[in-house]
Amino acid sequence: MALFGTLFNRTASANSAASLSADASLRSAEGQRELRAQVVHRLQVGLFGLGSMLLLVSLANVIMDRAQSTDASLQSRSAPVAAAPSPASDPLVDMGIAPELPVTNAPAKTPSARKGSNP
């Protein structure tokens, strides 16, 4: 580490104070320009992203509004038909996968076993 320190000290002492201050100001000006360019680029990307999201959400809103208005107009055109309530159907029975079982409202009673008596 001492080697780097001595080399740096030698070069610093070789340059005059005026050239060091001019060089430092140029470096700081270039650094500030670079930082400003990065900030501007980030702002441009961010604003472009916000604008595209706003456009996308607006387009989705227009599509949903159009679909709802179309759905409402189709419902108003069709005459309301009073359909008879269909009996409860089982989709598996309709497809032929499960056997059709009778539907009853009362639960089936199982015969109770008699205890202690032999006929």
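Counting restarts for each chain: residues are numbered from 1 in the order of the written sequence. Local features in a predicted model are, by the rule used here, given only for residues with pLDDT of at least 70; side-chain atom pairs are given and counted only at 80 or more, and totals for whole chains, interfaces and linings are based on all residues. Neither water nor hydrogens contribute to the side-chain values; these are computed over all heavy atoms in the structure.

1. Re the overall build of the protein chain
Tallying secondary structure elements over the protein chain gives 3 helices and 0 strands in all. Each helix and strand of the protein chain, ordered N terminal to C terminal, gives the series α-α-α. Of all 119 residues assigned to the protein chain, the portion counted as buried reaches 0%. What sets the accessible areas is the Shrake-Rupley method with a 1.4 Å probe; for residues, cover comes only from the shown protein chains. Taken as a whole, the protein chain presents about 11500 Å² of accessible surface, with 65% of it coming from carbon and sulfur. Runs of E in the DSSP output that reach at least two residues are strands. Runs of H or I that reach at least four are helices, and both are numbered from the N terminus. Between buried and exposed lies partly exposed: a residue is buried under 20% and exposed over 50% of the maximum accessible area for its type, with that area taken using a 1.4 Å probe on protein chains only.

2. Here's the deal with a nonpolar patch on the surface
Nonpolar side chains (Val, Leu, Ile, Met, Phe, Trp, Tyr) within 5 Å and like charges within 9 Å form the patches, drawn only from residues with over 30% relative accessible area and no salt bridge. Criterion for a salt bridge: a side-chain nitrogen of Lys or Arg within 4 Å of a carboxyl oxygen of Asp or Glu. Taken together, L92, M95 and I97 make up a surface patch of nonpolar side chains, about 330 Å² in accessible area. Its place among the elements puts I97 in the segment after helix 3 (91–95). For I97, a relative accessible area of 61% corresponds to the exposed category.

3. Brief notes about the confidence of the model for the protein chain
Per residue, pLDDT measures the predictor's confidence, with a range of 0 to 100. On average, residues of the protein chain carry a pLDDT of 75, and 55% of them reach 70 or more. The element-level mean pLDDT for the protein chain is lowest in helix 1 (residues 2–14), coming to 54, with helix 2 (residues 17–77) highest at 86.

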